[in-house]
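Overview (structure and organization)
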Amino acid sequence: MKLIELNSQQHGFVLINVDKINIIYEADGLTKMHVGEYILDIEESIDKIKKMMYSEPIQDGMKKYIEKNAKVKKSIDDLTKL
């Protein structure tokens, strides 16, 4: 399972499982993506999404998300110790 982080106009930053993406297309100048039963308006271009899906090394999106949250938690802990 590979997760990519995209900026959705409706939901902000979302993690999307690449295996669940059905269709990516452009309509009215927007990139649209069908993921399961949802249709998302994505701010990234189709070329950038393809690069994230196929040409970049496989990344564990959840690991990246957990590491980011751990840094925030550590910062909060450091501030509360003051």
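Residues numbered from 1 in each chain as written. Predicted model: local features only at pLDDT ≥ 70, side-chain atom pairs only at ≥ 80, totals over all residues. Heavy atoms only, no water.

Moving on, we come to the nonpolar core. As a rule of thumb, soluble globular proteins bury nonpolar side chains together. Grouped together as the largest cluster of nonpolar side chains are 13 residues, with contacts concentrated most on Ile-4, Leu-6, Ile-16, Ile-21, Met-33 and Ile-49. Take this core: its biggest share by element is three residues, from helix H1 (residues 46-55). Those residues in contact with Ile-49, other than ones at most four positions away along the chain, are Ile-4, Leu-6, Ile-24, Thr-31, Met-33, Ile-42 and Glu-44. (Core = buried A, V, L, I, M, F, W, Y, C linked by side-chain atoms within 4.5 Å. Buried < 20%, exposed > 50% of the residue type's maximum accessible area, 1.4 Å probe, protein only. Helix = DSSP H or I, 4+ residues; strand = E, 2+ residues; numbered from the N terminus. Contact = heavy atoms within 4.5 Å.)

Our next topic: the environment of Phe-13. Within the secondary structure, Phe-13 is located in strand S2 (residues 12-17). Taking the relative accessible area as the measure of exposure, Phe-13 reaches 58% and is therefore exposed. Counting along the chain gives 29 residues from Phe-13 to Ile-42, while the straight-line C-alpha distance between them is 9.6 Å. Sequence-distant contacts of Phe-13, defined by excluding residues within four places in its chain, comprise Glu-5, Leu-6 and Asn-7.

In the structure shown here, the tally under the stated rule is one salt bridge. In this structure, the salt-bridge partner of Lys-32 is Asp-41, at a minimum N-O distance of 2.8 Å. With respect to class, Lys-32 is no different from Asp-41; both count as buried. (Salt bridge = Lys/Arg side-chain N within 4 Å of Asp/Glu carboxyl O.)

Here we take up the confidence of the model for the protein. Of the residues in the protein, 87% reach a pLDDT of 70 or more, and the chain-wide mean stands at 82. Across the protein, element-level confidence peaks in strand S5 (residues 38-42) with a mean pLDDT of 92 and bottoms out in helix H2 (residues 61-81) with 75. (pLDDT = per-residue confidence, 0-100.)

So, on to the pairing of strand S4 (residues 30-35). Examined bridge by bridge, strand S3 (residues 21-27) and S4 share six bridges and lie antiparallel to one another. Paired with Ile-23 across the two strands is His-34, which belongs to S4. By the bridge criterion, five bridges tie S4 to S5 in an arrangement that is antiparallel. When the bridges of S5 are listed, Val-35 appears paired with Tyr-38. The antiparallel hairpin formed by S4 and S5 contains two residues in its connecting segment, where Gly-36 sits at a positive phi of about 65°. (Pairing = 2+ DSSP bridges.)

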